[in-house]
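# Breakdown of the fold
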Amino acid sequence: MSTPRRGVTRGRVALVVVLIALFLFITSIRGVASFYTDFLWFDSLDLASVWRTVLGTRVLLVLAFTAIFFVVMWVNLLIADRLAPETRSGGPEEELVERYQEFVSGRRVLVRSGVSLLLGLIAGTGVSSQWENALFFLNRQDFGIEDPQFGRDVGFYVFQLPFIGFLVSWSFAAILIITIVTAVAHYLNGGIRLQPTEGASRVTPQVKAHISLLLGVLALIKAVGYWFDRFELTLSTRGFVDGATFTDIEAQLPALNLLVLISLFAFGLLVFNIWRRGFTWPILAVGLWALVAVVAGGIYPAFIQRFRVEPAESSREAPFIERNIEATRVALGLDDVVIERFEYEPVLSAAEVAASQETVDNIRLLDPAVVVDSFQRLEGVRSFYNFIDLDVSRYEIDGETVPVVLSARELDVTGLANRSWEATTIANTHGYGLAVAPSNAVEPSGQPDFIVSGVPIDTDRAQLDIDQPRIYFGEGVGGYAIIGAETDEVDFQTEDDIVQTFRYDGEAGVGVGSFLRRAAFALRFGDLNPLISSEMTSDSRILMNRDVVDRVETVAPFLELDADPYPAVIDGEVLWILDAYTTTDRYPYAQRADRSQLSRNSGLDENFNYIRNSVKVVVDAYDGTIELYVIDEDDPLIRAWRDIFPDLFADGPPSAELEAQFRYPEDMFRVQTNMWGRYRITPPSDFYVATGAWDVAQDPGNQLGQRATVQEADEQGIIRETEARIEPQYLQMTLPGRDNAEFVLFRPFSPFSEEGNRPQLTGFMTAGSDPGSYGQLNVYEIVAPTLPDNPAQFASESATTPEISRVFSLLEGDGSEIVAGNLLLVPVENSLLYVRPIYLQAQGGTPLPQLEQVIVGFEDRVVMRPTFDEALQAAVGGAPTVDEDELPDDGATDVDPDADVDPDAGDVAPPETTTPPETTPVDPSDLSVQELLQAAADTFDEADAALRAGDLARYQELIAEAEAFVEQALSATPPDDPVDEPPPETTTTESTGTDA
């Protein structure tokens, strides 16, 4: 009867084993497939060495630390077995010990090895995350700068200290676990008894010696940890500024030195206890350490901070503030800022404007954040094309540098009518071309004047040569695509809806001709179609990681990326350029960067106190090739990564044409301008009281009369609403004191104020982007008896100007809304010119904003006209009064903002032109009261027509005439005789395009 039971039991055990194995296989198979396909992807980019280096480092760390833990644990368990008493007196727990001894009898090596291996894997597996610190430790670079407290090179803190700190903490945790497990082993072996019997001690002398030795090792590790904690003080955040401050040096550092001595003393007592074999000395050692750690490590520093530092903080912290200022300026790239005086003059003459013609001609009238909707409506062509955002750049066209806004026409599969797997993966695989328009000019309709447009590209109109317009890799591209399938890809559709096909002939993609590879990708994507589809051929390849940011982050996870990749046309190809940063939060004495104005997509949205824009990454939009160009050879971090991954970085410098398209990165400039407002001050006493501190100027926003606000979390996590700060602006301009126009990044400053109630302009910072001046930071400090208004204040005051507010009230309403573009602040000679484009768009639906008016001003002079040239002439030379026939034909048109635009059409037909009716002069004295009122109404109608036609001067003239008619009617009416109210001023929803 027993045999069948034994068979049933074995069968159940076998079934459980099979089920467990099946579960492990199912849960791990996708991970194995992802692991395999990752290798194939890296290999397709000729970057298998990068994959192997990362994987090899992770594996070696896990094996090394697992092996170390295993050996130490195994040896201690062996000692515990050898120290087990040969005879045991009876006791309450003797039955438990006997059962354990019976279980391990003959299996001691197996049990010892199994426990050691299991705990070793737990302790070693997590170490793989330290691969970057381990590689840094092995590839240390010197900064050539010593910290002012300990005299060690900064490279020690950045490259070595992090891994040393990890080793100390891991070793302490490992020995602590080993000590606990060893004590349990001694208990199970009978060397430790919880309830001793008569004549027997709780712990045998040999066990006491063993445990004392392990505790002594813990004390020794703690001493080493305290020693290296001394260096961590240079990264302290407890004081007025980051870095080791008065309390850290005068209280915390002596406390750590004392704790080192106490730990070494405790180690000596515990080693001495090996021969004494009691618990008095271990208890004394641990108690003494705990007392000193609490008093010297916590209470004493807090006492010093409260009673010595806070009553005289400015004087106590002065030398440490000076260290912080110097380190912060170096670490954040602010040590080479060139500071210049800007002798501000409140007047601006026509001669000065003429002398700065290159700056004036390049003033940007197209706000990328606003006209991206125009790009989508006019150049989207099909519902499955999408413009994610507009970027600002410049190109040389016909021998002149032209500032442009541009965007890639990317594929958006959510807009496809058929969203089947075949349609979204095989048939529709790519976007097509760019839309490019000068940023300083518009068409007569107020829309962008495209110099690259259409699908296919309008070669008659194109002023940039694009030989390969297809966009397989881009910004925000998700999912995967299959090329080389049985069915051709859709290239584009003609205006007659004829589908043009294409077959990819580039080098991108991972071959999936074999069954194994197709199965692996099917598992990776959780999609059976790649395995079973008849569209797959031996030449088929899979394109994955198509988003350029994800693509770069996968091959170079140690680099932080800017939030705004941008396309560029280089040698007839479309390339994506990404700014990559090396950062660390371990630069001694440097202040943590102010990240308050970074977007959530920015790779810099994490703590750091050192940054360099060391790498420009270029990704080919057609074949996905990744090139990493090192542009800052002096950065120690990128030198280390270059030593670690020599195959990842380009061997030579970028081409001259590619370098001409580099831009100084926005996210880094945000951080630098955020920090400069405070760190422009170098005397510690002034820095402490923030005398002369600046802040980035407030953003006027896009809504007239309303300033932009943002919600930010303070250090306590409390959300508060604050005024938004003006974004960095790319401008083509001639800087003060320079001879030629440059492409720069620009941001203005205002005096620092918690309430934001100081709306003056104190200066502005620029960052060079052109070859030869790339990365040069210039700060222009405004010197004037009365500081000019900052952009937000100018915008607020201009919106309330009677002339401008009256036009706004007429333009807005009945389905139309006004959108204000970004306000530009442009230095012209020794004055400052404010320029703001005003757009009109229909409410609801897909917006189609068009440039309607341009505000130009300086000091207290502000005007608004249909074109920039008119506004500039009126602002500088006064508003001329001319007859309508003498006005230049600027092509102004009457455009209905509600008019539908066919997204499938190529060019938009120009709207009809409306000419305001002419009027015959009327003598008011010859008219009756009713005739006067009728004349006023007619004149108001003519004024409205003049406004729609873009003739603001004529509009103002007619408004004055209408008001004169009303006044004449009122003066001619007896007091008791009721008078019909004249009709109100007519508002219009029609907008007038202008030629800028």
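For the structure given in this document, a descriptive report is provided here. (Residues numbered from 1 in each chain as written. Predicted model: local features only at pLDDT ≥ 70, side-chain atom pairs only at ≥ 80, totals over all residues. Heavy atoms only, no water.)

Bringing helix α15 (residues 515–525) into the picture now. When α15 is considered as a whole, its buried residues turn out to be R518, A519, A520, F521, A522 and R524. G526 sits one or two residues past α15 and shows a positive phi near 60°. (Buried < 20%, exposed > 50% of the residue type's maximum accessible area, 1.4 Å probe, protein only. Helix = DSSP H or I, 4+ residues; strand = E, 2+ residues; numbered from the N terminus.)

Relative to the assigned elements, T182 resides in helix α6 (residues 154–188). Judged by its relative accessible area of 0%, T182 is buried. Linking T182 and I211, residues 29 residues apart in sequence, is a C-alpha distance of 8.1 Å.

The next point concerns the environment of R738. Looking at the element boundaries, R738 is found in the loop between β22 (729–733) and β23 (742–751). Note on R738: relative accessible area 29%, which makes it partly exposed. Not counting residues up to four positions away in its chain, the partners in contact with R738 are E340, N778 and Y780. (Contact = heavy atoms within 4.5 Å.)

Moving on: the packing of helix α5 (residues 131–138) against helix α18 (residues 636–644). Taken N-terminus to C-terminus, the directions of α5 and α18 make an angle of 95°; their axes are 10 Å apart at the nearest point. Accordingly, the angle class assigned to the pair α5 and α18 is roughly perpendicular. On α18, the residues that touch W131, E132, L135 and F136 of α5 are L637, A640, W641 and I644. Each residue belonging to the contact of α5 with α18 can be placed in one class, and the counts come to seven nonpolar, no polar and one charged. (Axes fitted to C-alpha atoms, helices over the stretch in contact; angles between N-to-C directions. Parallel < 35°, antiparallel > 145°, perpendicular 65-115°, else oblique. Nonpolar A, V, L, I, M, F, W, Y, C, P; charged D, E, K, R; others polar.)

This part takes up the pattern of salt bridges. Within the structure shown, the criterion is met by 28 salt bridges. In this structure, D38 engages R524 in a salt bridge whose closest nitrogen and oxygen atoms are separated by 3.0 Å. Residue D38 is found in helix α1 (residues 2–44), and its partner R524 is found in helix α15; the two are separated by 486 residues along the sequence. Residues D564 and R663 are paired through a salt bridge, measuring 3.3 Å at the closest nitrogen-oxygen approach. Placement of D564 in the loop between β14 (560–561) and β15 (566–570) and of R663 in the loop between α19 (656–659) and α20 (666–679) is noted, with a sequence separation of 99 residues between them. Of the two residues, D564 and R663, neither departs from the other in class, the shared state being buried. One network of salt bridges, with partners in common, ties together D564, R663, E666, D667, R670 and E727. (Salt bridge = Lys/Arg side-chain N within 4 Å of Asp/Glu carboxyl O.)

It is worth spelling out the sheet that holds strand β7 (residues 434–438) at this point. Pairing in this open sheet of three strands is antiparallel, and the strands run β3-β4-β7 from one edge to the other. Single-partner strands in this sheet number two, and they are β3 (391–397) and β7. Strand-to-strand twist of the sheet, defined as the mean angle between neighbouring strand axes without regard to direction, takes the value 40°. Note: strand β4 (residues 400–408) against β7, five bridges, orientation antiparallel. Bridging across to β7, V404 finds its partner in P438. Strands in contact with helix α13 (residues 368–379) are β3, β4 and β7; relative to β7, the strand with the most contacts, it is inclined by about 125°. (Pairing = 2+ DSSP bridges.)

What follows deals with the side chain of S393. By the element assignment, S393 lies in strand β3. Among the polar contacts made by the side chain of S393, one reaches the side chain of Q661 at a distance of 2.8 Å. Once you skip the residues sitting within four places of it in the chain, S393 turns out to touch V402, P403, V404, L406, Q661 and F743. (Polar contact = N/O pair within 3.5 Å; in protein donor to acceptor, adjacent residues only side chain to side chain.)

In a beta sheet, neighbouring strands are held together by backbone hydrogen bonds and run either parallel or antiparallel to one another. Taken in spatial order, the three strands of this open sheet run β9-β13-β12, and their pairing is antiparallel. Either end of the sheet is taken by a strand with one partner, and the two such strands are β9 (481–483) and β12 (510–511). Across two bridges, the pairing between β12 and strand β13 (residues 541–543) is antiparallel. From the neighbouring strand, V510 faces β13, where its bridge partner is I542.

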